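Understanding the architecture of this molecule
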Amino acid sequence: MNILARFAQDESGATAIEYGLIAALISVVIIGAVSALGGQLFSVFNNINTKLGGTAAVKGT
C-alpha cells in the first residue's frame, strides 16, 4: 500500500509530459508558419535565383 501512495504523490513524470506538450505545440506552430509562408518564400528565392542567372526551380521537386 505504501508503494501506491508514493506512486500517487510522485510528480516527476508530470514535468516531462509538460515539456513534451510544449515541444509539440512549438512544432505545430512552426509547421503552420512554414506552410503559410512556404509559397511566398519559394517565389522570393526563385526570383533571386533567376536574377542571378540560374534556372527557375519547379515547385514540388
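Residues numbered from 1 in each chain as written. Predicted model: local features only at pLDDT ≥ 70, side-chain atom pairs only at ≥ 80, totals over all residues. Heavy atoms only, no water.

Attention now moves to the overall build of the chain. Along its length, the chain carries 2 helices and 0 strands. Taking all 61 residues of the chain together, 2% fall into the buried category. On the chain, roughly 5500 Å² of surface is accessible, and the fraction owed to carbon and sulfur atoms is 70%. (Helix = DSSP H or I, 4+ residues; strand = E, 2+ residues; numbered from the N terminus. Buried < 20%, exposed > 50% of the residue type's maximum accessible area, 1.4 Å probe, protein only. Areas by Shrake-Rupley, 256 points an atom, 1.4 Å probe, with all protein chains shown as cover.)

Turning next to the environment of Thr-55. On the secondary structure map, Thr-55 appears in the segment after helix H2 (12-51). Look past the residues within four positions of Thr-55 in its chain and what remains in contact with it is Asn-46 and Asn-49. (Contact = heavy atoms within 4.5 Å.)

Residues Leu-37, Leu-41, Val-44, Phe-45, Ile-48 and Leu-52 make up a contiguous nonpolar surface patch of roughly 620 Å² in combined accessible area. Position of Leu-37 relative to the elements: it lies in helix H2. (Patch = residues over 30% accessible without salt bridge, like charges linked within 9 Å, V, L, I, M, F, W, Y side chains within 5 Å. Salt bridge = Lys/Arg side-chain N within 4 Å of Asp/Glu carboxyl O.)

Looking now at the environment of Ser-43. Take Ser-43: it is sitting in helix H2. Given a relative accessible area of 45%, Ser-43 falls into the partly exposed group. When the C-alpha atoms of Ser-43 and Lys-59 are compared, they prove to be 9.2 Å apart, with 16 residues separating the residues in sequence.

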